Amino acid sequence: MYDFLLVGAGLFNATFAHEAIKRGKSCLVLEKRKHIGGNCYTENIEGITVHKYGAHIFRTSDSMIWEYMKQFAKFNHFINSPIAKYKDELYNMPFNMNTFSKMWNIQTPKEAEEIIRRQSKNAYKPARNLEEHAIGLVGKDIYEKLIKGYTEKQWGRRCTELPASIMRRIPLRFTYDNNYFNDPYQGIPIGGYTSIMEKMFNGCKIKCNVNYLENKSKWDKIANQVIYTGAIDAFYMFKYGELEYRSLRFETDILKEKNYQGVAVVNYTDALIPYTRIIEHKHFEFGTQDKTVISREYPLKWEVGAEPYYPINDVKNNQKYNLYKRDAEKEEKVWFGGRLGEYKYYDMQDTVKSSLKLVHKLLI
């Protein structure tokens, strides 16, 4: 009999497992994929650490979380400074003075602020959707070139049909600063995330290629408590209907050249390009290998059986999630966590914080 059955081998359960093992608890981990690590999983290809499921840059403003993660790996000083490509035009991200200077051939913050003020003055307030919010924030030019096509590809909906909240994560600044995040702590674990996960799960019994929901009653009987990080609607057999997600598909190629695009991430904001971005993995660790590995990221409509990546937190889905959450709160031995279990967009730092919150509830 195990103290905990951990369903899913991603960062949420890795954090919980580490804390549980430290306290002498026994843990069985079930993972439906063939490897641990969840979407943070990295693998070595041609001597390059490849982020198998998209770019993962650890960043936080919380010194406690930063120190917590540093016990499992040494982080480099990678700063996320992506490029946006619209047709044949290249722009710096996030939206900053380098972006505005290229867009409008200007030099000063005052000039940029005046153009944005002029282009956004007729924006509807309060914004009823993402389009209105974006135009009100950055003006029409930047919205049309750098937001609209990318966002509609990413979410599979028109910007007029998306909630404004999706854009609230996009930084806007009137300085010549290409650092995408404002967080003081940022980096990539040297050697990738998989080695971190191996350390965090050390001491656990791990079974991969196992779908917990296919034999739920069997697995529940061998543990006192269950930490479930899969999709909450699937756990309840979609009794209130399916929650909506966006999925992704990756095309990865090995190229016989040292440097393909000169930066880790290029966003393709033109609606006619089917993928949203290309990742060149070697730049995460400042690689100098003779070859390079790139991944094209294609957004996909999610259907049952596909991998869910991004919850679509609009009013309809959140109302449906609250029905599932109500049932989850009545469970006596099952706890739900992570992006899918809580139906919430989480960065890695958010996942760690949420897991540690459950640690304090169950173990301290």
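Residues numbered from 1 in each chain as written. Predicted model: local features only at pLDDT ≥ 70, side-chain atom pairs only at ≥ 80, totals over all residues. Heavy atoms only, no water.

## Side note on the packing of helix α3 (residues 97-104) against helix α4 (residues 109-120)
It is at 10 Å that the axes of α3 and α4 come closest, and there the two elements cross at 70°. For the element pair α3 / α4, the angle class is roughly perpendicular. Facing α3, whose interface residues are M97, F100 and W104, α4 presents P109, A112, I115, I116 and Q119. When its residues are assigned to classes, the contact of α3 with α4 shows 7 nonpolar, 1 polar and no charged. (Axes fitted to C-alpha atoms, helices over the stretch in contact; angles between N-to-C directions. Helix = DSSP H or I, 4+ residues; strand = E, 2+ residues; numbered from the N terminus. Parallel < 35°, antiparallel > 145°, perpendicular 65-115°, else oblique. Contact = heavy atoms within 4.5 Å. Nonpolar A, V, L, I, M, F, W, Y, C, P; charged D, E, K, R; others polar.)

## Considerations on the pattern of salt bridges
On inspection of all chains with the given rule, the structure shows 25 salt bridges. Ionic pairing is found between E297 and R277, a salt bridge with its closest N-O pair at 3.0 Å. Highlighted residues: E297 in strand β14 (residues 292-301) and R277 in strand β13 (residues 277-280), separated in sequence by 20 residues. Taken as a pair, E297 and R277 share a single burial class, namely buried. Ionic pairing is found between D327 and R326, a salt bridge with its closest N-O pair at 3.8 Å. Residue D327 is classed as buried on the basis of its relative accessible area of 11%. What emerges from the salt-bridge pattern is a single network uniting R157, E244, D314 and K316. (Salt bridge = Lys/Arg side-chain N within 4 Å of Asp/Glu carboxyl O. Buried < 20%, exposed > 50% of the residue type's maximum accessible area, 1.4 Å probe, protein only.)

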